[in-house]
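Each chain, letter by letter, is given below.
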Amino acid sequence: MRTRVTVTAGPGHTAVTVTGDLDLAVTASLHEQLEAELRGTPAALVLDLTGVTFCSAGALAVLLDVVTTAHARGIPCAIVATDRAVLRPVRVLQLDRVLPLHRDRAEAEDWLSLVRRLR
């Protein structure tokens, strides 16, 4: 399945919505695109992966790097994932301990709002 990345900038956060397969063919460009969004210093970043149908180990590494970089730059970051394609490898590798996963965008936005108020 073809991968599509859509960026939507809003007043409280920038949302990056990814659909399709996150395989070796797209991990480098996804990483570059997410890094570019972080360089723009958004108020917060939401990665919506609800449309992802396959998630490779390389894509998990990209997610870890982006979340770590966002944290280091003081940018709150949330990941929305509902499908087994993302959740299963994340849970098997126990990455749910370090990745800020949420069931839907509203939950992620509420969490980001709370994080901003605590700063």
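First, a word on what this report is: a plain description of the structure on this page. These numbers were taken from a predicted model, which means no experiment stands behind them.

1. Describing the overall build of the protein chain
Secondary structure assignment for the protein chain yields four helices and five strands. Secondary structure elements of the protein chain occur, N-terminal to C-terminal, as β-β-α-β-α-β-α-β-α. Here the C-alpha radius of gyration of the protein chain, 13 Å, is about what a compact globule of 119 residues would show, namely 14 Å. For the protein chain, the C-alpha atoms occupy an extent of roughly 35 × 25 × 25 Å along the three principal directions. A burial count over the protein chain gives 42% of its 119 residues as buried. At a minimum sequence separation of 6, the contacts of the protein chain that also span at least 24 residues come to 67%. For the protein chain, the accessible surface area stands at approximately 6,400 Å², while carbon and sulfur atoms represent 53% of it. Separation between the mean location of the 13 positive side-chain charges and that of the 13 negative ones in the protein chain comes to 3 Å.

2. Some remarks on the side chain of Thr 27
Of note, Thr 27 is situated in helix H1 (residues 24–39). Ignoring sequence-local partners within four residues, the contact set of Thr 27 consists of Ser 56, Gly 58, Ala 59 and Val 62.

3. Notes on the pattern of salt bridges
Side chains bearing opposite charge may pair, as long as their charged atoms lie close to each other. With the rule as written, the count across this model stands at three salt bridges. Salt-bridge contacts for Glu 107 lead to Arg 103; the nearest nitrogen and oxygen are separated by 2.7 Å. In this structure Glu 107 comes out as partly exposed when scored by relative accessible area, which is 25%.

4. Considerations on the pairing of strand S3 (residues 45–55)
Where strand S2 (residues 14–22) and S3 come together, eight bridges link them in parallel fashion. Bridge pairing links Asp 21 to Phe 54 in S3. In this fold, S2 hands off to H1, which returns the chain to S3; that crossover is right-handed. Relative to strand S4 (residues 77–80), S3 is paired through four bridges, and the arrangement is parallel. Paired with Leu 47 across the bridge in S4 is Ile 79. Note on the crossover from S3 through helix H2 (residues 57–72) to S4: the handedness is right-handed.

5. A few points about H2
Given 3.6 residues per helical turn, the α-helix brings residues three or four places apart onto the same face. Its 16 residues place the ends of H2 23 Å apart at the C-alpha level, agreeing with the 22 Å of an ideal helix rising 1.5 Å per residue. Turning to H2, its buried residues number three or more, namely Ala 59, Leu 60, Val 62, Leu 63, Val 66, Val 67, Thr 69 and Ala 70. In this fold, the buried residues of H2 make contact with S2, H1, S3, S4 and helix H3 (84–92). Once H2 finishes, Gly 74 follows within two positions and takes phi at roughly 80°, a positive value.

6. Description of the side chain of His 13
Locating His 13 in the fold gives a position in the loop between strand S1 (4–9) and S2. A distance of 3.3 Å separates polar atoms of two side chains, one belonging to His 13 and the other to Glu 109. When near neighbours in sequence (up to four residues on either side) are disregarded, His 13 contacts Thr 8, Ala 44, Val 46 and Glu 109.

The rules behind the values
Residues numbered from 1 in each chain as written. Predicted model: local features only at pLDDT ≥ 70, side-chain atom pairs only at ≥ 80, totals over all residues. Heavy atoms only, no water. Helix = DSSP H or I, 4+ residues; strand = E, 2+ residues; numbered from the N terminus. Rg over C-alpha atoms; globule rule 2.2 N^0.38 Å. Buried < 20%, exposed > 50% of the residue type's maximum accessible area, 1.4 Å probe, protein only. Contact = heavy atoms within 4.5 Å. Areas by Shrake-Rupley, 256 points an atom, 1.4 Å probe, with all protein chains shown as cover. Lys, Arg positive; Asp, Glu negative; His and termini not counted. Charge placed at Lys NZ, Arg CZ, Asp CG, Glu CD. Salt bridge = Lys/Arg side-chain N within 4 Å of Asp/Glu carboxyl O. Pairing = 2+ DSSP bridges. Right-handed = clockwise from strand over helix to strand, strands pointing away. Expected span 1.5 Å × (residues − 1). Polar contact = N/O pair within 3.5 Å; in protein donor to acceptor, adjacent residues only side chain to side chain.

Function cannot be read off these values alone, since they describe shape.
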